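Breakdown of the fold
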Amino acid sequence: MTNEVLIFDTTLRDGEQALPASLSVGQKIRIARQLALLKVDVIEAGFPISSPGDFISVETIAREIQGPIICGLARAVEKDILACAKAVKPAKRPRIHTFLGTSTIHREKKLRRSQDECLTMIAQSVKLARSKCPDVQFSAEDAGRTERDFLCRVVEIAIKNGARTVNIPDTVGYTTPEIFASIIDDIMNRVPNVDKAVIAVHCHNDLGLATSNSITAVKHGARQVECTINGIGERAGNAALEEVVMIMKVRRDYLAVTCGVDTTEIMRTSKLVRDVCAMPVQANKAVVGSNAFAHSSGIHQDGVLKFKSTYEIMTPQSIGLKDNKMNLTSRSGSHMVRSRLESLGYREKDIDIETFHPKFKTLADKKGTVYDDDLVALMESDTIEEIADTYKLEYLNVTGGMGVIPTATVRIVSEGKAREEAASGDGVVDATTKAIDRVVGFKIEVKDYHLDAISEGREALGRVKIVAVSPEGTFTGIGTSTDIVEASAKAYMDVVNKICRMRKYAPKLRGKRAKPSL
Ligand code: KIV
Ligand code: ZN
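Residues numbered from 1 in each chain as written. Chains lettered and ligands numbered in written order. Predicted model: local features only at pLDDT ≥ 70, side-chain atom pairs only at ≥ 80, totals over all residues. Heavy atoms only, no water.

Now for the site of ligand 1. Taken together, Arg13, Asp14, His97, Phe99, Ser139, Glu141, Asn167, Pro169, Thr171, His202 and His204 make up all the residues around ligand 1. One nitrogen or oxygen atom from the side chain of Thr171 is found 2.6 Å from an oxygen atom belonging to ligand 1. Between an oxygen atom of ligand 1 and a side-chain N or O atom of His204, the distance comes to 3.0 Å. Calculation on ligand 1 without its partners gives an accessible area of 260 Å², and the protein chains cover 94% of this total. Only α1 (11-17), β4 (94-101), β5 (136-141) and β6 (165-170) provide two or more residues apiece to the shell around ligand 1. Of the residues contributing to the shell around ligand 1, the split by class is two nonpolar, six polar and three charged. (Near = heavy atom within 4 Å. Polar contact = N/O pair within 3.5 Å; in protein donor to acceptor, adjacent residues only side chain to side chain. Areas by Shrake-Rupley, 256 points an atom, 1.4 Å probe, with all protein chains shown as cover. Helix = DSSP H or I, 4+ residues; strand = E, 2+ residues; numbered from the N terminus. Nonpolar A, V, L, I, M, F, W, Y, C, P; charged D, E, K, R; others polar.)

This part takes up the sheet that holds strand β13 (residues 417-424). Sheet architecture is open: three strands sit in the order β11-β12-β13, paired in antiparallel fashion. Of all strands in the sheet, those with a lone pairing partner are β11 (392-399) and β13, marking the two edges. Going across the sheet, the axis of each strand differs from the next one's by a mean of 15°, ignoring polarity. With seven bridges joining them, β11 and strand β12 (residues 407-414) adopt antiparallel strand pairing. Following the sheet pairing, Asn397 is matched in β12 by Thr409. Set on the sheet, helix α17 (residues 428-440) makes contact with β11, β12 and β13; between it and β13 the angle comes to about 140°. (Pairing = 2+ DSSP bridges. Axes fitted to C-alpha atoms, helices over the stretch in contact; angles between N-to-C directions. Contact = heavy atoms within 4.5 Å.)

According to the stated counting rule, one finds 34 salt bridges in the structure shown. A salt bridge links Arg13 to Glu44; the shortest N-O distance between them is 3.0 Å. Here Arg13, found in helix α1, pairs with Glu44, found in strand β2 (residues 42-46); they are 31 residues apart in sequence, far enough to count as distant. For Glu44, a relative accessible area of 0% corresponds to the buried category. A salt bridge links Lys306 to Asp302, with the nearest nitrogen and oxygen atoms 2.7 Å apart. (Salt bridge = Lys/Arg side-chain N within 4 Å of Asp/Glu carboxyl O. Buried < 20%, exposed > 50% of the residue type's maximum accessible area, 1.4 Å probe, protein only.)

Moving on: the packing of aromatic side chains. Geometry of an aromatic ring pair is reported as the spacing of the ring centres plus the angle between the planes. Within this structure, the stated rule accounts for one aromatic pair. A ring pair is formed by Phe47 and Phe99, whose centres lie 6.4 Å apart and whose planes are at 65°; its orientation type is edge-to-face. Of the two residues, Phe47 sits in the loop between β2 and α3 (52-64) while Phe99 sits in strand β4, which places them 52 residues apart along the sequence. One exposure class covers both Phe47 and Phe99, and it is buried. Of note, Arg107 hangs over the ring of Phe150, and the distance from its end group to the ring centre comes to 4.9 Å. The ring centre of Tyr371 lies 4.4 Å from the NZ or CZ of Lys498, which sits over that ring. (Phe/Tyr/Trp six-rings, centres within 6.5 Å; stacked < 30°, edge-to-face > 60°. Lys NZ or Arg CZ within 6 Å of the ring centre and 35° of its normal.)

So, on to the environment of Arg252. With respect to the secondary-structure elements, Arg252 resides in helix α11 (residues 252-255). Those residues within four positions of Arg252 in sequence are excluded, and the remaining contacts are Ile247, Val257 and Thr258.

This paragraph deals with the sheet that holds strand β8 (residues 224-227). With respect to topology, eight strands assemble into a closed barrel ordered β1-β2-β3-β4-β5-β6-β7-β8, the strand pairing being parallel. Across the sheet, the mean angle separating the axes of adjacent strands is 25° when strand polarity is ignored. Contacting β1 (6-9) and β2, helix α2 (residues 25-38) crosses the sheet at an angle of about 170° to β2. The sheet strands contacting helix α9 (residues 210-219) are β6, β7 (198-203) and β8, and the helix crosses β7 at an angle near 170°.

With that settled, the discussion passes to the pairing of β1. Note that β1 and β8 share four bridges and pair parallel. The residue of β8 that forms the bridge with Asp9 is Cys227. Two elements, β1 and β2, share two bridges in a ladder whose sense is parallel. Its bridge partner lying in β2, Phe8 is registered against Val42.

What follows is the structure, given as structure tokens:
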């Protein structure tokens, strides 16, 4: 048996199914291009019979994307298979993926077919697909809950009629690693023609076991894993590609398999799918979450500074990140703080860490996370109070709606004096930032604006993150509120205050620091 595991990406089919709105052809092409750069073996581009839009997407991807096999999904019925054959035809390496529910529940409640009728449908559909395309995959939908003897017969019939790949999906995420291992063992040992096809797995994550089940199946002989970027897919999603692939890479000692994915493209692909699909990635998501390479505890930071592998099992570079992230909080020790100051350009002789570290801790207790510009400000000031914000937003009133010119009025306090300004703009957020610009007397170029709901329901808290550029450098501002305009105003004010701090301390820094690198 080969030790090469094929990676079948179904982000554009199973993943897309779970989105509130379908992706456009253009959006699908963008993702497919990136999947080709990631070097997946198969792209499942869609379900051609399901809508004219999906047909066009699959056909366009088949025509334009080079490298991977381009696959389309079809139920085990003639019209689906013919539509799929037509859609994947332009591909250099097309594949038809046909499927039928095989468990008792699916047979009796959904299909209303006997076991024998299902076997006939499988034989006929795989044969038809093979007459249209040399590469055919059959999936026994809900295999995880299918009677073992029957499942073995299904696999045998599919292979006998020309399926090159037979997929064993855990459609409802019901199986567990040990049980799934015994299903794969049974197929490997009891299906007489199993050596004529690749056995694939497709696991859903309803109980959080999709990756474990997929990897266990590989250990027991499966040689194609179906997965999606960021694990998006029906309900709780599918096995996450980045997890499956990195397990194979990091635990080669245990699995002894390889795959052709270029792991350094993982982060880029994850971000693209996150943005195009508007599906946020949780901070602690394995491999691609924003905390996946962030160290917070003082003990961990100290360990990583001394020797990375103390707390890192894979390098950030291996998934395409520049470096790990050390969050400076009250838990950060003096070793970490000194190291960050040095990376900001301070020379050893400028750092009196014995006196600086307690000051840093007091600030961290107040602020939570201490950013680089806070650190610079603290180095350059005598007291923590000195680094307080220059401007404070005290009042915000906006008017907007259909047929109304969006306007905003702000009152901002600085050094005990309040000043009010109003402005109109292209939307209420734009009007608000213009009014703030008038008060502070300078303009900021916003490069990126990102809004996330960080709790649920109508009263959800919105968190706005703004990345802005000024002659002093690039700054990130964060603002949180149940009102998204207020959250935006707070994020903008955060940037304003960071710029003011930088202006205040930059002259003192000259000559002391090598470069302002905030
Ligand atoms: O979950 C599933 O069973 C599927 C099949 C169509 C492979 O998505
Ligand atoms: Zn699925």
